[in-house]
2 protein chains.
Amino acid sequence: MSLASERVKPGASGKPTLYKRIRLDIETRILTGEWPPGHRIPFEHQLMARYRCSRMTVNKALSELAQADLIERRRRAGSFVRRPQHLSAVLKIADMRAEITALGRSYGYQLIDCRRRTATAADRARLGVSTAGKVIAIACRHSADNVPFAVEDRLIDLSTVPEAATADFAREPPGSWLLHHVPWTEAEHTISAVVADDRTAKALGIAVGAPCLVIDRYTWRSARTVTAVRLHYPGETHRLVARFKGG
Amino acid sequence: MSLASERVKPGASGKPTLYKRIRLDIETRILTGEWPPGHRIPFEHQLMARYRCSRMTVNKALSELAQADLIERRRRAGSFVRRPQHLSAVLKIADMRAEITALGRSYGYQLIDCRRRTATAADRARLGVSTAGKVIAIACRHSADNVPFAVEDRLIDLSTVPEAATADFAREPPGSWLLHHVPWTEAEHTISAVVADDRTAKALGIAVGAPCLVIDRYTWRSARTVTAVRLHYPGETHRLVARFKGG
DNA sequence: TTGACTTATATGTCTAGACATATAATCGTG
DNA sequence: CACGATTATATGTCTAGACATATAAGTCAA
């Protein structure tokens, strides 16, 4: 048996691949606190020696850890364990139709109100713009198996998305239309809880005072506001669920 | 000028690097709908030809897109645009103390109740285990600047984390202790909205019937349940915010 | 037609180099 | 001592190969 055979070979003995093992090793040390925030991770060339592999392999492991925000990489200085992030939510932008049909339920859509107007002061504040261009204000409802699923209250900035003026939002939900016509570069989500007011309760078919989950989403395309949307979900029945892996 | 100079060089003209450009190109086509869900992305060797680069470069771009769940890669078959994910939330596991101090507020912690017992049927159901081992049940409160921030109701499976029996949860919040002593491999979050019941209202110092944001978190370590925790936040004042980039 | 075997192929991982680039550390100078 | 120039170094990206592996597709026999 040659000396080289001591090296961990890919796929050897059913184990995960080498770069995954390196990643998991480091991740474990971080999550157990053995390497606390601020700790400098061994340099790539040190990890090369420790795992007897090439730099690209340790680089792949470290890059993925950096992508996951577990470590921070600084040229010339090295890689450092980051402070744990705040409790933060990341909600993927998705189409309500896709969301509902993926649950195996039939999708329904009703346009409640759609009007085009010059942005009011309130509109400008909500969109975070200072100039008074045209906007479209939309109120609509999404339902699953003919039961109200969410009500949507949306503002679209026509100066960013002029094509939206020609879209038929009676036929197509604005979320779907935007997702298919406007690439977004940045988004912000805020999740909160409220109790249903009269109008929301009526639209969702729930009691006034019942809990609602509220999601506010702002979307930008290269520093220009695209749209601001507020979604009300009935809190008793709707849940946001996410499962994810740490390895 | 040589033929090779036609190739996009790293750092040329202040542009992003090549693999990032490839990633952005593909991402844009997906997000605009030009490549709909199910569409097969050009094979790596085709992208090599199109961008005149090595396979490792396109592989890095595609790997990152796969990590972001935008595409799915299947051996021998190719890479495919994934259906948009459901509206799903990813909440990073973080320490409540870190979360509050990061907001520039002082952290406070009060243990309300802590008892060790053999798992009841309800405990087993909540933890998703079938055997009746020992558990620790904890109720506590986190506050920011002496104002209640969240109440926590937690169950720890002692058969997975026997060391927890010796921890002093009157001194250290169980979330912090676990984060520093137990590496997790998987987690699941559920966000919902409820109205405060009597006990919750009293602990949070809000009115009965006021909206609350509820986060349920389950944590596993390699197929064994570690802990189940339910957090109640006052919905009027607390918000989960996340900002993220699409490029 | 169906099931078992074979083959072709796209992705998954890895190597041993290379040059680019940001920046911490050092050195010199006013 | 303060500040600007230089240097060393760790990361960032890339190449042109290699072999491993899962699997779609084709082949052949029962």
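This is a predicted model, so every value here is computed, not measured.

J.: I'm lost on the overall build of chain A in this one. Help?
T.: The helix and strand inventory of chain A stands at seven helices and eleven strands. Expressed as a percentage of its 247 residues, the buried residues of chain A come to 46%. Nonlocal contacts in chain A, meaning residues at least 24 apart in sequence, comprise 57% of its contacts between residues at least 6 apart.

J.: Looking at this structure, how should I read the protein's contact with DNA strand C?
T.: Residues in contact with DNA strand C amount to 27 residues; listed here are only the nearest, Leu18(A), Thr57(A), Arg55(B), Arg73(B) and Arg75(B). The sugar and phosphate moieties of DNA strand C supply 68% of its atoms located within 4 Å of the protein. Tyr19(A) places a main-chain nitrogen or oxygen 3.2 Å from a phosphate oxygen of DNA strand C. Put simply, the parts of the chain that give the surface near DNA strand C at least two residues each are helix 1 (18–31) and helix 3 (55–67) of chain A together with helix 2 (44–51), helix 3 (55–67), strand 2 (71–74) and strand 3 (78–81) of chain B. For the surface near DNA strand C, the leading source of residues is helix 3 of chain A, giving four residues. Tallied by class, the residues present in the surface near DNA strand C amount to seven nonpolar, seven polar and 13 charged.

J.: Sorry if this is basic, but what is going on with the sheet that holds strand 2 of chain B here?
T.: By way of backbone hydrogen bonds, the strands of a sheet pair with one another, either parallel or antiparallel. Residues and elements named next belong to chain B. Spatially, the three strands line up as an open sheet ordered 1-3-2, and their pairing is antiparallel. Edge positions in the sheet fall to strand 1 (40–41) and strand 2, since each of these pairs with one other strand and no more. Here strand 1 runs beside strand 3; their pairing, made up of two bridges, is antiparallel. Looking at the pairing, Arg40 lines up with Phe80 of strand 3.

J.: Before we go on, may I ask you to explain the pattern of salt bridges in this structure?
T.: Opposite charge on two side chains permits pairing when their charged atoms draw close. Applying the stated criterion across every chain yields a total of 24 salt bridges over all chains. In this structure, the salt-bridge partner of Glu72(B) is Arg74(B), at a minimum N-O distance of 3.8 Å. According to the relative accessible area criterion, Glu72(B) is partly exposed, its value standing at 34%. For Arg74(B), a relative accessible area of 41% corresponds to the partly exposed category. The residue Arg115(B) makes a salt bridge to Asp113(B) at a minimum N-O spacing of 2.9 Å. By relative accessible area, which is 28% here, Asp113(B) ends up partly exposed. It is possible to trace a salt-bridge network through shared partners that takes in Glu44(A), Arg55(A) and Arg73(A).

J.: Looking at this structure, I do not really get the pairing of strand 7 (residues 147–157) of chain B. What am I missing?
T.: Side-chain direction in a regular strand flips from residue to residue, so the side chains alternate between the two faces of the sheet. Residues and elements named next belong to chain B. The buried fraction of strand 7 amounts to eight of the eleven residues, a majority that puts the element mostly inside the structure. Strand direction decides the pairing type here: strand 6 (residues 134–144) and strand 7, joined by ten bridges, are antiparallel. Each residue of the ladder has a partner; that of Ile136, found in strand 7, is Ile156. From the end of strand 6 to the start of strand 7, which pair antiparallel, there are two residues, and Asp145 there has a positive phi angle of about 50°. Direction of pairing for strand 7 relative to strand 10 (residues 224–234): antiparallel, over a ladder of six bridges. Of the residues in strand 10, the one forming a bridge with Arg154 is Val229.

J.: Can you walk me through the protein's contact with DNA strand D in this structure?
T.: In the vicinity of DNA strand D, 25 residues are found, and the nearest of them are Arg55(A), Arg73(A), Arg75(A), Leu18(B) and Thr57(B). Here the atoms of DNA strand D within 4 Å of the protein split so that 66% fall in sugar or phosphate, with bases taking the remainder. A distance of 2.6 Å separates a phosphate oxygen of DNA strand D from a polar atom in the backbone of Leu18(B). In this structure, a sugar or linking oxygen belonging to DNA strand D sits 3.2 Å away from a side-chain N or O atom of Arg75(B). Those elements that provide at least two residues to the surface near DNA strand D are helix 3, strand 2 (71–74) and strand 3 (78–81) of chain A together with helix 1 (18–31) and helix 3 of chain B. Grouping the constituent residues of the surface near DNA strand D by class yields six nonpolar, six polar and 13 charged.

So, how was this worked out
- Residues numbered from 1 in each chain as written.
- Chains lettered and ligands numbered in written order.
- Predicted model: local features only at pLDDT ≥ 70, side-chain atom pairs only at ≥ 80, totals over all residues.
- Heavy atoms only, no water.
- Helix = DSSP H or I, 4+ residues; strand = E, 2+ residues; numbered from the N terminus.
- Buried < 20%, exposed > 50% of the residue type's maximum accessible area, 1.4 Å probe, protein only.
- Contact = heavy atoms within 4.5 Å.
- Near = heavy atom within 4 Å.
- Polar contact = N/O pair within 3.5 Å; in protein donor to acceptor, adjacent residues only side chain to side chain.
- Nonpolar A, V, L, I, M, F, W, Y, C, P; charged D, E, K, R; others polar.
- Pairing = 2+ DSSP bridges.
- Salt bridge = Lys/Arg side-chain N within 4 Å of Asp/Glu carboxyl O.

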